[in-house]
Amino acid sequence: MVLLCFVLDLRTIPPPHLQDLKQSLMMLGNYCALSSSNRNESSRTTESKPLLDLIGLYYIFTDVNWCCDEMRVAYSPQGDFDLHDFHHALNTLPTDNFTAEINDFESLFCEELKLEAVLDEVVLNSWQTSERAIKTKVIIISSCFIETLDHGTRDAILDTTDQNVSLEFVFLERKASLFGDVTVNINHVVNKIGDLRNCKFSTCIPDLYVLSGLAKRWFQELKVEKEEQLQARFVFKINFLGSLNQLSCNLFTFFHPIIDGFIFCKTCRCHGIPIGPSKLKLSQMSSRCPITNDNLETLDIWENSVEIGETTLYMPSFYSNEKLQKVSSPINFNVIQRTDLRSLSEGVINGTTYVVAPSTFPNTDDMDRSKLNNQVFQAVCCVLASLDQGLVCSSNCNLETLMETSFKCYYILLPSEKGLMVLRRLLASEEFLPIPDTSRLVHCDGYKEIENTVQESLLKIEINEYDPVQHERGFHQEMNLLVKHSLLVRVKRPERKESSEANLNPQEKTTACLTRDRWRQIVVEELPDSDSFPCLSNSERDQLDTSLQNSKKLDEKTSSILETGNPQGD
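Residues numbered from 1 in each chain as written. Predicted model: local features only at pLDDT ≥ 70, side-chain atom pairs only at ≥ 80, totals over all residues. Heavy atoms only, no water.

So, the overall build of the protein chain
Along the backbone of the protein chain there are 14 helices and 19 strands. Burial status across the protein chain gives 34% buried among its 570 residues. At a minimum sequence separation of 6, the contacts of the protein chain that also span at least 24 residues come to 70%. Counting every atom, the protein chain has about 36,800 Å² of accessible surface; 52% of that belongs to carbon and sulfur. (Helix = DSSP H or I, 4+ residues; strand = E, 2+ residues; numbered from the N terminus. Buried < 20%, exposed > 50% of the residue type's maximum accessible area, 1.4 Å probe, protein only. Contact = heavy atoms within 4.5 Å. Areas by Shrake-Rupley, 256 points an atom, 1.4 Å probe, with all protein chains shown as cover.)

Description of helix 8 (residues 367-387)
Three- or four-residue spacings in an α-helix give side chains the same orientation, since the helix completes a turn every 3.6 residues. Its 21 residues give helix 8 an end-to-end C-alpha distance of 30 Å, which sits within 8% of 30 Å, the value for a rise of 1.5 Å per residue. Regarding helix 8, the residues found buried are Ser370, Phe377, Cys381 and Leu384. An end-on view of helix 8 places all buried positions within 70 degrees of arc, on one side of the element. Of the exposed residues in helix 8, the ones pointing more than 90 degrees away from its buried face are Asp368, Lys371, Leu372, Cys382 and Ser386. Against the buried residues of helix 8 lie strand 16 (349-356), strand 17 (389-398) and strand 19 (421-426). (Expected span 1.5 Å × (residues − 1). Arc of directions from axis to C-beta.)

Regarding the confidence of the model for the protein chain
A residue-level look at the protein chain finds 71% of positions with pLDDT of 70 or above and a mean pLDDT of 77. Within the model, pLDDT remains below 50 along residues 278-285, and this stretch shows 13 contacts once partners closer than five positions in the same chain are excluded. Here residues 522-533 is modelled with pLDDT under 50, and outside its nearest four sequence neighbours on either side it reaches 24 contacts, counting other chains as well. (pLDDT = per-residue confidence, 0-100.)

A closer look at the side chain of serine 394
Take serine 394: it is sitting in strand 17. With sequence-adjacent residues up to four places away left out, serine 394 is seen in contact with Asn332, Phe333, Asn334, Ile336, Cys409 and Tyr410.

Quick look at a nonpolar patch on the surface
On the surface, Phe475, Met479, Leu482, Val483 and Leu487 cluster together into a nonpolar patch covering about 490 Å² of accessible area. Here leucine 482 shows up in helix 10 (residues 475-486). (Patch = residues over 30% accessible without salt bridge, like charges linked within 9 Å, V, L, I, M, F, W, Y side chains within 5 Å. Salt bridge = Lys/Arg side-chain N within 4 Å of Asp/Glu carboxyl O.)

Some remarks on unusual backbone geometry
Across the chain, the bulk of peptide bonds are trans and the bulk of non-glycine residues have phi less than zero. In this structure, proline 330 follows serine 329 across a cis peptide bond, with omega equal to 0 degrees. Along the chain, the position of proline 330 falls in the loop between strand 14 (311-314) and strand 15 (334-340). Positive phi is not limited to glycine here, since aspartate 388 has a value of about 55 degrees. Mapped onto the elements of the fold, aspartate 388 is located in the loop between helix 8 and strand 17. When its relative accessible area of 32% is taken as the criterion, aspartate 388 is described as partly exposed. Even without a glycine there, the phi angle at leucine 402 is positive, about 55 degrees. When its relative accessible area of 40% is taken as the criterion, leucine 402 is described as partly exposed.

Focus: the side chain of aspartate 260
Residue placement: aspartate 260 occurs in the loop between strand 8 (246-251) and strand 9 (263-268). Buried and unpaired, aspartate 260 has no salt bridge, with arginine 425 as the nearest side chain of opposite charge at 4.9 Å. Not counting chain neighbours up to four residues away, the residues in contact with aspartate 260 comprise Leu324, Asn398, Thr401, Thr405, Ser406 and Phe407. (Lys, Arg positive; Asp, Glu negative; His and termini not counted.)

Details of the sheet that holds strand 16
Spatially, five strands are ordered 15-17-18-19-16 in an open sheet, and the strand pairing comes out antiparallel. The strands lining the two open edges of the sheet, one partner per strand, are strand 15 and strand 16. If you compare each strand with its neighbour and ignore which way they point, the axes differ by 30 degrees on average. Note that strand 16 and strand 19 share five bridges and pair antiparallel. Bridging from a neighbouring strand, isoleucine 349 pairs with leucine 426 of strand 19. (Pairing = 2+ DSSP bridges. Axes fitted to C-alpha atoms, helices over the stretch in contact; angles between N-to-C directions.)

Describing the environment of leucine 324
If you trace the backbone, leucine 324 turns up in the loop between strand 14 and strand 15. Taking the C-alpha atoms as reference points, leucine 324 and aspartate 260, 64 residues apart in sequence, are found 8.7 Å from one another. Filtering out sequence-adjacent residues up to four positions away, leucine 324 remains in contact with Asp260, Gly261, Met403, Glu404, Thr405 and Ser406.

Structural notes on the pattern of salt bridges
Applying the stated criterion to the full structure yields ten salt bridges. When the shortest N-O distance is used, the salt bridge between arginine 342 and aspartate 388 registers 4.0 Å. Of this pair, arginine 342 sits in the loop between strand 15 and strand 16 while aspartate 388 is found in the loop between helix 8 and strand 17, placing the two residues 46 residues apart along the sequence. In this structure, glutamate 451 engages lysine 448 in a salt bridge whose closest nitrogen and oxygen atoms are separated by 3.5 Å. Pair noted here: glutamate 451 and lysine 448 are both in helix 9 (residues 447-458), with a separation of three residues, about one helical turn. The exposed category is assigned to lysine 448, whose relative accessible area is 54%. Here the salt bridges share partners, and the residues they tie into one network are Lys137, Glu168, Arg217 and Glu221.

Here's the deal with the packing of helix 1 (residues 15-35) against helix 2 (residues 83-91)
Between helix 1 and helix 2, the least distance of the axes is 10 Å, while the angle of their chain directions is 175 degrees. With respect to each other, helix 1 and helix 2 are oriented roughly antiparallel. Contacts between helix 1 and helix 2 involve Lys22, Leu25, Met26, Gly29, Asn30 and Ala33 on the former and, on the latter, Leu83, Phe86, His87, Leu90 and Asn91. (Parallel < 35°, antiparallel > 145°, perpendicular 65-115°, else oblique.)

Observations regarding the nonpolar core
Core analysis: the biggest nonpolar cluster contains 68 residues, and Phe6, Leu25, Leu28, Ile141 and Trp218 have the highest contact counts within it. A total of eight residues in this core trace back to one element, the largest contributor, which is helix 1. Core analysis: the second largest hydrophobic core is formed by eleven residues, Cys381, Leu384, Tyr411 and Met421 among them. (Core = buried A, V, L, I, M, F, W, Y, C linked by side-chain atoms within 4.5 Å.)

So, the sheet that holds strand 14
Backbone hydrogen bonds are what pair the strands of a sheet, in a parallel or an antiparallel way. Pairing within the open sheet is antiparallel, and its four strands lie in the order 10-9-13-14. One side of each edge strand has no neighbouring strand; the edge strands of this open sheet are strand 10 (274-275) and strand 14. Sheet topology places strand 9 next to strand 10; two bridges connect them, and they run antiparallel. Counterpart to lysine 266 in the pairing with strand 10 is isoleucine 275.

So this is what it looks like as structure tokens:
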């Protein structure tokens, strides 16, 4: 968990690039607001917690009235993240402060506004609004960076990064077609700060898709905590090197689910907090304020609000409140494109697997239609399998919930050589997060020798086509054992008096009760052979041996009960 403080140098960022940067930061805010209402049950053992407000936004601009450069706070973290205020801060950033004449080799800021002063103010402000235990990361975004670093600037960076603070410079590259032949000595800057601890320098093409990828990476820094990572070991039956027979790994997911639609609610006008559903009509004073518990009249309630995580947005009265409906059959899947299965990352495939088979039309008039549908289905499956391709489809249905969605859902139709096809859910751009850093996965000296040794070991592992029928998880065996043990201590089922004794007279009821008591006495007391219940203690085994000595009487007692009549309701 990191407190991200963004510093935007508006003097150096052209308006088109600034617009894309603002959109990417809005995406970051949207992810933060949504994360408090989403839970990935497949990869989390505990419920997701709402994110604290861990975003700060600052900007540097030129005050034309005073002809000087200043830094101002646009958004400061205040406890709970406020999506409305964060968007407002981005929308109100000055857009007319770009200075095209700034040389790419000028100082990062200016003589009046030094880097060390900016870092001191940002760090001081961040510590005043958050716990010092949370690490702070200052991200400076600009299109101009210093060519040389003097001792004062290096000392300022060292002082900052030594105080539980990391520093990242993000350089937005300018396009030569717009600004001429721009050459920035990036390597020189990297060499100057590359040896500094907790200091990073990166370049970025100012494109919306690239910037949105940065937003996802920043969101992971806000969201991911060490305790959320799952550790695993893959144990082999063979040894790779010496006695090494296992691989230690970390399990992670880069699937961040988004909601299918927005939740509308009512809020109190006095505090702006959502109120529960009303059982009475509003005209009958049906709701109460969540804070004061005071009764709310019709005019005291804001009818049209949207709840997103911990954020509530207040909509105009004319905004339509469309409720999501159950889908009706048949569900439409619109084929968008073909895709090579070799280029499809399995990480973007998610959700339940559906086997797809051709439909049949039972009416006799539709026999030709059924036959043609079957033939075309088989042809599509055969052609896709030969091309090793699948079909990407879109739909306004979430197959996991069978509900209509406000946003598109994407699916992949996969062929098979068996004549059937498979339908799986695909992640969209909002749901797909970047994979972790793989810079450590480099080929060092001696790797080829290790690879050859590992190959020899892997080839010793049996190879077969996977057949699910031959791979049992042990469910039935464990289930049967549980039932077997439960039969030893059967508990009487709840009696249904209305069905079993409603029509009996007092004498019949007495006979039935006696019969049930005798039957339960035999079933509970006459335990079966001791081998069927191996976890018995010594005293329990003695009792079991005593009961087995009387097992010869079981048939006589059973016959007596059968003569009386099998108990009803047991």
